[in-house]
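Topology and contacts: notes
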Amino acid sequence: MKYNSINEANEAIIERIKEARPHWIGVKPAKEAVPTLQQGYKLLHAGPPIKWDDMTGPMQGACIGACLFEGWANNEADAINLLKNGKVEFIPCHSVNSVGPMGGITSANMPMLEVKNMPHGNYAYCNLNEGIGKVMRFGAYGEDVQQRHRWMRDSLAPALNEALQLFENGIDLTAMMAQAITMGDEFHQRNIAASALLLRTLAPKLAQLNRPKDEMSKIFDFLSVTDQFFLNLAMAYCKAVMDSAATIEAGTIVTVMTRNGKDFGIKVSGLGDQWFTAPVNTPEGLFFTGYSQADANSDIGDSAITETFGVGGAAMVAAPGVTRFVGAGGLDAAIETSEEMSEIYLTHNPMLQIPSWDFQGSCLGLDLRRVVETGITPLINTGIAHKKPGIGQIGAGTVRAPLACFEKALIALAEKMDIKG
Amino acid sequence: MVQAFIKKGSFQDSVSLMLISKKLSQIEDVSEVSVMMGTPANKSLLRNTGFWNDQFDEATPNDICVGIKAEHSDIDIVALISEKLEESLKSANQQKSGSRLLKARRLETAINKLPDANLVLISIAGEYACGLANDALDHNLNVMLFSDNVSVADEIQLKQKATEKGLIVMGPDCGTSIIAGAPLAFANVTPKGNIGIVGASGTGIQEITSQIALHNQGITHAIGLGGRDLSADIGGISALTALTMLSNDSNTKIITFVSKPPAESVRKKIIQAMQQIDKPIVALFLGSKPEKMQDKNIYFANTLDEAARIACLLSKVEQAAESVPSVKGRLIYGLYTGGTLAAEAAMLLAEKLDVTTSSSHDKGIMLDAKGHKIVDLGDDFYTVGRPHPMIDPSIREQEIAALGKNNNVGVLLIDLVIGYGANQNPAESVIEGVKQAKKLRTQDNPLIVIATVTGTESDPQNRTEQINLLKENGIVVLDNLPEAVLLSCKLIDPVCHNQTKSEQPPLLKGVSVINAGLRSFAEDLQSAGIAVIHYQWAPIAGGNPQLANILKKLR
């Protein structure tokens, strides 16, 4: 081992996380971002590896949507046939430097955001936020969903990419997030400030593009109402940072947390690419009228990469606007949540200072040992999807990571280090 | 049919409205209520979820849309929901945050959040208490173990470790301590004073402190030990530490010690340690009748209230001693107008000085030994052809004045008897005599006059007025003869004003507490203004020994 102790390795990881400066440098088709998608029927999905039969409604719905979008099937029945017969290969986004919210289903011709971690040179990718309501990430796949995806592929993505090329080195996301966290974002449940700051930065460049006025107007309309547009960038940002941290290949810091609707999976710095999984919990929260807890799909999506990095649920105190999802206590409950989370992270991020937390930085360095020691599991802020495919988002709330995957990883680490429990 | 109404121009965030929807849906007369801002997206949601009402067409994103599903209701449901909505909006805007209790889930976090912490108060299950106490000691924190069911072996190990590190472990099974005003576990709000308490008995400490308060005196600290500390097994390790702490505490002038009868070997050790301390100590070994009342600086008490009473008496004497200059003359004189008062003063003084009283009472002399003298001026010898000094105090006035010349006399004891029949203003005469005497004295050889007053507030001369007159003229007034005699003896003791100057034990300068276990203990400390963090303790790795062991090795 390159490091004399676990603490030394963890220090190195923390140092690397603090150095990271991911920039948004482009938007490109998934098959360019992830070359393996160029051949055959392949789909990226959220969470640890999963088979079609084990997928929950929203992910299955999104798979159907992707088959239709790619033209692999002409209708729902054909798509389901294709998927059931094992004709489609499933790859976790995380295995190809990517992340995807909710179902995370990404196919060859869907556009992806490209983020480059400048000091360390690594890249991370995430698909584009489609807005709210009936959307593919929550399992909807009807014609309106298809139409929006085609528009994103043909119009939104190229325009954004073109505008980004007008910046030198793209857009510095750290600077933007540092500002947005002071404006009430925690980058998982709430990204409205960051999305607004992003549009403010993009607007002058978008305006320079030589594209039809009605097309540009539609793009501006979309960006002006898509409050969670920045979420996908925040996810790619966190993925870039944590992938870079994982190169230390030692220590006890969790570098991936993600869910596929069936299992929660983590990876740990000292345990390489190995998945440690346990059955997911079901989020609890507030529901749109007409829906209830009974309709809620179990926990799903790669967006927990934000909590892996130390924002999202861990930064609840930064986002008074969403604090009541954790209970009736308002700001007090939010402080309690972040205080509780800071018990399992090793330090604080000086880049992301939180005014409502006496300018303490957001949490940094989720330590496997701390989780097992205290039994405090990471709290994840999340959207809630309907169980059935095709319906979409029905509420938002919080969910805990299951303790068992952390315990398994700890035992594996002890074995690897030849320590007997 | 969906009934509906719109509340114009009142923006609320969607989370508030979801909470309100949930609340309003629980009202008996409705089946479900949907409350949303009138944005285009919400309007389509209202349509999709079957809550549409055409009124909503005119709603703007700044208006609250309320859709109500209700079956067969004969009341005005819109009015009812409207009223309830107003109430909910009002209460949603009135959430207040109280003063938060600082909390932690790991000992290290607690220390980081409260870096000045110097004591861990442990009230977790006994089987885990020893482990946590060891962790606390490893972090150089003192420990109060409220927990019981800790083994003797663990107690010895913990207390020895604490001793090596210059710390104290109070307990196990220690119910009460009050350190620097901090109420630890069961404790009373007790005035500040100069009495320090060491106690193996929790309620014993509580009763003594409350008795002390009843006597208008106060405490410095009360250090609990737990019931087993004075057993032969433990050997009073913490009792000795506590005694040392209080002996080094300059604010503590008197030490009170309470316990059940210790093992004989331990009792000897404790008494020996007490005798090394140059402070008066009141010792109460409950249930064992003391053979003598006093052994050097140790006063033995028989009951809790007696211990408190003696401590308070000593406390008042200490305070009085601090308020007067040191004397050069080492002799005590007493000039009494009351015969029985003179007799009691003589008896008490003889006991203190280890001399004998005069049995003949010749010329009213009640005591005459080693130069000390107590005289009853009411004796026939003095009243031949003149009124009793209680009526005409001039004879004492002259005697007092004459003491000015006797440089060997440092302390003068007097009485002041008022009431019917007595002189109208006996204080005046005493003051005159003292003035005369002081004229003959230099500053470095003062004559300290200590008076007791016999009489009541209702007497014609008025007790308080007489006392005030005496005090205004530099005369020390105490409540009773034992106090007066104790003070006089103290003043002629050459070490009286030689304060031992040792480093004050850090814990006694003030406590900052990490509270592990019962949350209410932390809340009590917080309400008493003590820095405290509540450590929400839980067994490491949920009590899984394999994982806990791995964690230990992965530190």
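Remember, it's a predicted structure, so these values are computed and weren't measured experimentally.

Another point: the packing of helix H5 (residues 143-165) of chain A against helix H8 (residues 213-225) of chain A. Residues and elements named next belong to chain A. Look at H5 against H8: their axes get within 11 Å of each other, and the N-to-C directions meet at 100 degrees. In terms of axis orientation, H5 runs roughly perpendicular to H8. Residues Arg148, Trp151, Ser155, Leu156, Ala159 and Leu160 of H5 form the contact with H8, whose participating residues are Glu215, Lys218, Ile219, Phe222 and Leu223. Of the residues assigned to the contact of H5 with H8, the class counts are seven nonpolar, one polar and three charged.

Taken as a whole, the second largest pocket encloses approximately 1100 Å³ of empty space. If you go around the second largest pocket, you meet 35 residues; those closest to its centre are A:Glu373, B:Glu108, B:Asp135, B:Ile540 and B:Arg555. Elements supplying a minimum of two residues to the lining of the second largest pocket: helix H1 (6-19), strand E13 (345-354) and helix H12 (368-374) of chain A together with helix H4 (107-113), helix H5 (126-138) and helix H19 (545-553) of chain B. Top element by residues in the lining of the second largest pocket is H1(A). It accounts for six residues. Across the lining of the second largest pocket, the residue classes tally to 14 nonpolar, eight polar and 13 charged.

So, on to the sheet that holds strand E8 (residues 254-260) of chain A. All names here are of chain A. Spatial ordering of the open sheet is given by E10-E9-E8-E12, a layout of four strands whose pairing is antiparallel. Of all the strands in the sheet, just strand E10 (276-279) and strand E12 (300-301) have a single pairing partner and so form its edges. Of the strands in this sheet, E8, strand E9 (263-268) and E10 are in contact with helix H13 (residues 403-416), which crosses E10 at around 150 degrees.

Moving on: the packing of H13(A) against H19(B). Where H13(A) meets H19(B), the closest approach of the two axes is 10 Å, and the angle between their N-to-C directions is 55 degrees. With respect to their mutual orientation, H13(A) and H19(B) come out oblique. At the point where H13(A) passes H19(B), the crossing takes the left-handed sense. Only B:Gln546, B:Leu547, B:Ile550 and B:Leu551 of H19(B) make contact with H13(A), whose side of the interface consists of A:Glu407, A:Leu410, A:Ile411 and A:Ala414. Of the residues that constitute the contact of H13(A) with H19(B), the class distribution is six nonpolar, one polar and one charged.

Turning our eyes to something else, we now look at unusual backbone geometry. Negative phi is the rule for most residues except glycine; trans is the rule for most peptide bonds. Geometrically, the link from B:Gly171 to B:Pro172 is a cis peptide bond, its omega value of 10 degrees lying close to zero. Secondary-structure assignment places B:Pro172 in the loop between strand E7 (169-170) and strand E8 (176-179). Even without a glycine there, the phi angle at A:Phe187 is positive, about 75 degrees. If you trace the backbone, A:Phe187 turns up in the loop between helix H6 (173-181) and helix H7 (192-208). Of note, B:Ala180 is a non-glycine position whose phi angle comes to about 50 degrees, a positive value. Tracing the sequence through the fold places B:Ala180 in the loop between E8 and strand E9 (182-185).

So, how was this worked out
Residues numbered from 1 in each chain as written. Chains lettered and ligands numbered in written order. Predicted model: local features only at pLDDT ≥ 70, side-chain atom pairs only at ≥ 80, totals over all residues. Heavy atoms only, no water. Axes fitted to C-alpha atoms, helices over the stretch in contact; angles between N-to-C directions. Helix = DSSP H or I, 4+ residues; strand = E, 2+ residues; numbered from the N terminus. Parallel < 35°, antiparallel > 145°, perpendicular 65-115°, else oblique. Contact = heavy atoms within 4.5 Å. Nonpolar A, V, L, I, M, F, W, Y, C, P; charged D, E, K, R; others polar. 1 Å grid on protein atoms, 1.4 Å probe; cavity = no way out; pocket = protein on both sides within 12 Å on 5 of 7 lines; lining within 4 Å. Points joined across faces, edges and corners; volume = space filled by probe spheres on them. Pairing = 2+ DSSP bridges. Left-handed = near helix turned anticlockwise from the far one by under 90°.

Coordinates in, geometry out; function isn't part of it.
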